[in-house]
Every structure is written in C-alpha cells, then in structure tokens.
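Okay, here's what each chain looks like letter by letter:
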Amino acid sequence: NSFVTRTNTCGELRSAHVGQKVTLYGWVQYQRQGLFLVLRDFQGLTQVIIPQDEAHSHVKELLSSAPLESVLRVTGTVSPRPLGQENPKMPTGDIEVKAETAEILNSCKKLPFEIKDFIKKSEALRMQYRYLDLRSPRLQRALRLRSRLVMSMRHYLCNLHGFVDVETPTLFKRTPGGAKEFLVPSREPGKFYSLPQSPQQFKQLLMVGGLDRYFQVARCYRDEGSRPDRQPEFTQIDIEMSFVDQAGIQRLIEGLLQHSWPEERGSIMTPFPSMTYEQALAEYGTDKPDTRFGMKIVDISDVLRGSNIHFVQNALSYPHGSIRAICIPQGVRYLTNKDLESLKESAKSQFNQEIMEIICRPDGSLKSLLTKFLGEKEKSELIQALNMQEDDVVLLAAGEHKQVCCALGALRLLSANLLEAAGLALRDPTAFHFLWVVDFPLFLPKAENPTELESAHHPFTAPHPSDVSLLYSDPTKVRSQHYDLVLNGNEVGGGSIRIHSAEQQRFVLEKVLKEDSEVLSHLIEALELGAPPHGGIALGLDRLMSLIVDAPSIRDVIAFPKSFRGRDLMGNAPDYVTPQELEPYHIQVSWPLEEKEAKKN
C-alpha cells in the first residue's frame, strides 16, 4: 500500500488490527437495511458497520444509499465482531470496520447483470461487458494465477537456465503451410504483411545469431474462422535452444512445469510418460489421448479372423483392414438405448463407420447380432480379449485401420461423457495426466488432393534420424522429430528438432511440398551461414491455464477474448473503415450483393 492512499486492502484486516484506524477503497458488494455493507477489492471483503448516531447521519445516508458496485472510500476503526457473529468463511470474518467518514468516488448505475459467479448470464453479455465480468472472483483468480505462473516460468528459464527473453516482430511475411494468417495492408501497392502464427522463423534465426537459448511470452495469430474454443489471437510460451536433442527439450519442459505448477493444484510427477503416434492412434484413436481412464481400443482381428462373418472378412481383406472394439464398463446400467443409438449415429455421420454392439448378460453370455456366427471358443476369446464383465457393452468396428481407430476413439470420449452424466465416476477432475506423443509422420496427404503431401506440423521439422534416407525415396514413410505434450486429452504444447541443413530444407520445400522456396530465401541463406543444430517447443498458455483452473473455455482465462466468431463484442471489432482511410493502402472493398442492399436500406 506504499504507492496508494489506502492503509489496507479489504482482504488483509485481522484481529491483530483491532483498534487501528484504517482507510479502505473498494466496491459495494452488498448492503443490508442501512446497518452494514460489504466492501470488496482485489484481495477480499471487509464488513463495514454503518453508524447509526446523529453525529454521523451524513455518513449513514451516504453509505445506505450507495448503489451496488459503487466505488467508495471509507475511513474507520477496526473492531472485533460481536460474540457469535464471526464469519469463519471470510478471512476477515473476525473483525469489522466502524465507518467514521466515507466518500462515493463513483456511483454505479443499474448493472446489466449481477457480479456473482453463481448468477447465470449469457456469454455474449459477459463479453459485451467484459470489464464488469472481470470483477467476478472466478476471473480474478484465473488471471492472477496466470500472472504468477508466467512469472515463475520466466524465473525458471531466465534466472535458473540462462534463457534470453527476446521480443520478435508481429509484422512479417506469409509462411508456407500451416494455419491461415491475417494480412495487414502496407502503403506499397499490392504488398501485405502477415501476422505470424508463431515466431517460428525468428526463433530459428536467433539460434543462427548465436543466442543459444531464447524464450518469449509470444502473441500469435491465426485466421481460422469460427472454430470452437479457439481464439484468433492467443499466447504461447515460446522456446528455442541450440545443440539440443528431443530428450533435452522434454526434460526442460518437465522441469519448467514442475517448478511453476501452482501449489494448490497438487504436485506433478516427472518424467512424463511417452507414447508413439502409432500407439496413441491404435489404443486411443487420437494423437492426444486422455489417459485418465481406460476403455482402450483393442485389436480383435485375430479372434474373428476364422469366423464366417461377411463384413469381418471383407474388412480383413484390405491391406490396412482391422477389427477393433472398446468395452464400456457397466454400459447396460448407465447407458440407455437412445444413448447407444446416438453413439452409432455419431460414428456413421462423422467417420462413415458402422458400429456393432455386443452386450455381456448377467449369466456371462453375449447378446449381439454377431453371436450366432461365433463358436463357443471365439466367444470365450472375445470376452477374454476385451476383459468383459457383467453388464458391459462392447462397440465393435471393422474397416480401414485409421478410420476404425479414429471412430472408436471419438466413441470412447463420448461414452465417457455419457457415463459420467449418468453418475459413474470415470475421470478424476483433480488429476493431471501429462503425456509426450512422439514419432509423428513428417508428411500427410492433402485432404483436397491425397496425391500431394503437406507438412504434418510445419516445413521446418527435421526427419527422424533413422528415416533420413526415406526422405528422398519414400517421404510418406518418414517419421518426424516432432513431439506433442498432452494433458488430460488436450494438446498443450508442440515442438520439434529443426532442419539446420539448407540443402535438406530446400529439398523438403521444393521437391516434397512443391512450395516456392524463394519465399523463405532469407531462412535458407541463414542455414548456409553456420546454423547450429537446434530445436524448440511452444506451450499454449491459454489452454494450459484453462485446464489448471478447470475452466469450461479458454475464454475464461483471457482478459479480453474474442467471441466464437472472432469478434470483440465489447468494442465491436472488426469494424468498417471509410474509403478515405483505405486509400493510402490502395484497397477497395468489393461488397457482396446482399450487403450492398443492406447498406442502401
């Protein structure tokens, strides 16, 4: 309080302060019948007794009439609360302040919503009045915890491990591959800047520049349109190191998270477990597995290989065909027929995958359309392979390996949601399960043209040392030195060892990705001028924070987020600009026909 005119905050007064004269500033949280009010600031609450004697009648009138959320200055004496009126739920619950003087610094008009966490309000209204929503205890806690986490990370990296905090430009040029970037017009006709989706090129160039260890709390931008729980601008903890390998980066991040992890969230154990991309896909149907619960995907191809079931034999006749299943514990008890139908419909609509169900009856027998085609030996092997118990439900899929796994992976998560909604405790909400996923493919077929390849992550990722020769003969089989960090089924970080050979980088861009390497001529030239081996990672700060505080959305850990459609509902951005403002940038707006008509009217 040495920089401000208050003597204390509203959250720090205790019995030891009894008898002291104090000056408090804050917002009116609650007022009761002209007898007392509760004053709130960033640190807590203090009960203020409104004087009832004639000598302080002006103070009584002022405090009794102050609207909720008005800003007050109150001076008074700290007193113990009367016996039996203490409030153990409040840190300041043993004392109260008897007001002697007061001033309304700013009176508050009628609020669009009450500043209380338990009051339901639409997200659109919360974002329109974000400065009011920021007063809520939930957002206050999240933003203050975020600040502490970042400060702890900065201390670990810069003070303990010699990293250099470097700010990189946000006006740059287009990067081939990756997410779509925002364009910023320049005064040169036809020339645009791009807002970087990450400081990727700059941090590699810093390694060429000999900085050895770089770190930044970086603002990043992606023009991805309306995607659930994504933001067009977001923050990442960006890291790059020279003379490092994958294991070194992983050890650094494990130490960083262990050092900065909030005490109130328990401790995290290191090293984190690791899993290959192929294993994650085969057992969980996704490259970001939630390992807090079982229900793994099981390969039952060998169990059913000898059966006479047509669709099974058809699936197994393909080069990558397989039969796989998940076992839903107590599915009969917790899932309705409607639930099972919705799961099957979901697999059909999202993955074009048919699903067959098998139910384990109380007597241990199986109920399914399949059972009449199975012998006792096959039924027994099926029960054993899936570890089926009474009232379990099995969902079975047959077809191309990746499609089957992805469909069952999605059903695994949907089933978990349904089981928990019905009352079965499956995932511990207080548990934090970190996982490294490694050995991703370096390239993937393009969705719009499967005969062409694109980078699975970005074009600067180095191939796995064992697969370098395949880069020139069969790039589809090359694994990468990319690694993702997963927490409770969410990707919270990703990085790689980079290509530091100009020749290899040019080959990847021109021959494999069919990109114009001239766009990256500055980077390729830098790689020719003594670039050290280097690698790095970026942690998604918004996503990590939302998981730490168990927020339903990343918007709940960002001070001023954009809406689902990428709009700022408070300031109404993006907004129109006049033709005169566009003129220096040599831009004219071509209006869609319906918008032309709307503007006329």
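Heads up: the structure comes first, above all this text.
Here is a short report on the structure shown in this document. Note that the structure is predicted; figures quoted are calculated from it, not measured.

## Re the packing of helix α4 (residues 137-161) against helix α6 (residues 246-260)
Line of reasoning, step 1. Axis separation between α4 and α6 bottoms out at 9 Å; the angle between their running directions is 130°. One finds that α4 runs oblique with respect to α6. The hand of the α4/α6 crossing is right-handed. Residues L149, S152, M153, H155, Y156, L157 and L160 of α4 form the contact with α6, whose participating residues are L252, G255, L256, L257, H259 and S260.
Line of reasoning, step 2. A breakdown of the residues in the contact of α4 with α6 according to their chemical character gives eight nonpolar, five polar and no charged.

## Details of the sheet that holds strand β16 (residues 393-400)
Whether parallel or antiparallel, the strands of a sheet pair through hydrogen bonds between backbone atoms.
Line of reasoning, step 1. In space, the five strands of this open sheet follow the order β12-β13-β16-β14-β15, with antiparallel pairing throughout. Unpaired on one side and paired on the other, β12 (298-299) and β15 (366-367) mark the two borders of the sheet.
Line of reasoning, step 2. Looking at chain direction, β12 and strand β13 (residues 321-328) are connected through two bridges and run antiparallel. The partner of V298 across the bridge, within β13, is A325.

## Observations regarding a nonpolar patch on the surface
Line of reasoning, step 1. Taken together, the side chains of Y131, F560 and M570 present a nonpolar region at the surface, about 300 Å² in accessible area.
Line of reasoning, step 2. Tracing the sequence through the fold places M570 in the loop between α17 (541-548) and α18 (579-582).
Line of reasoning, step 3. The exposure class of M570 is partly exposed, given its relative accessible area of 33%.

## Points about the pattern of salt bridges
Opposite charge on two side chains makes pairing possible when the charged atoms of those side chains draw close.
Line of reasoning, step 1. Using the criterion set out here, one finds 39 salt bridges in the structure.
Line of reasoning, step 2. Salt-bridge contacts for R148 lead to E264; the nearest nitrogen and oxygen are separated by 3.1 Å. With R148 in helix α4 and E264 in the loop between α6 and β11 (274-276), this residue pair connects regions lying 116 residues apart in the sequence.
Line of reasoning, step 3. A salt bridge links D439 to R479, with the nearest nitrogen and oxygen atoms 3.7 Å apart. Taken as a pair, D439 in the loop between β17 (434-438) and β18 (443-445) and R479 in the loop between α14 (468-473) and β20 (482-487) lie far apart in primary sequence, 40 residues in all.
Line of reasoning, step 4. With relative accessibility at 19%, the residue D439 sits in the buried group.
Line of reasoning, step 5. When salt bridges with common partners are traced through the structure, they connect D117, R126, R130, D133, R138, R141 and D556 into a single cluster.

## Observations concerning unusual backbone geometry
Line of reasoning, step 1. Of note, the amide linkage connecting T270 to P271 takes the cis form, showing an omega dihedral of -5°.
Line of reasoning, step 2. Its place among the elements puts P271 in the loop between α6 and β11.
Line of reasoning, step 3. Here A573 and P574 are connected by a cis peptide whose omega angle stands at 0°.
Line of reasoning, step 4. Positive phi, normally seen in glycine, also occurs at Q330, with a value near 55°.

What counts and what doesn't
- Residues numbered from 1 in each chain as written.
- Predicted model: local features only at pLDDT ≥ 70, side-chain atom pairs only at ≥ 80, totals over all residues.
- Heavy atoms only, no water.
- Axes fitted to C-alpha atoms, helices over the stretch in contact; angles between N-to-C directions.
- Helix = DSSP H or I, 4+ residues; strand = E, 2+ residues; numbered from the N terminus.
- Parallel < 35°, antiparallel > 145°, perpendicular 65-115°, else oblique.
- Left-handed = near helix turned anticlockwise from the far one by under 90°.
- Contact = heavy atoms within 4.5 Å.
- Nonpolar A, V, L, I, M, F, W, Y, C, P; charged D, E, K, R; others polar.
- Pairing = 2+ DSSP bridges.
- Patch = residues over 30% accessible without salt bridge, like charges linked within 9 Å, V, L, I, M, F, W, Y side chains within 5 Å.
- Areas by Shrake-Rupley, 256 points an atom, 1.4 Å probe, with all protein chains shown as cover.
- Salt bridge = Lys/Arg side-chain N within 4 Å of Asp/Glu carboxyl O.
- Buried < 20%, exposed > 50% of the residue type's maximum accessible area, 1.4 Å probe, protein only.

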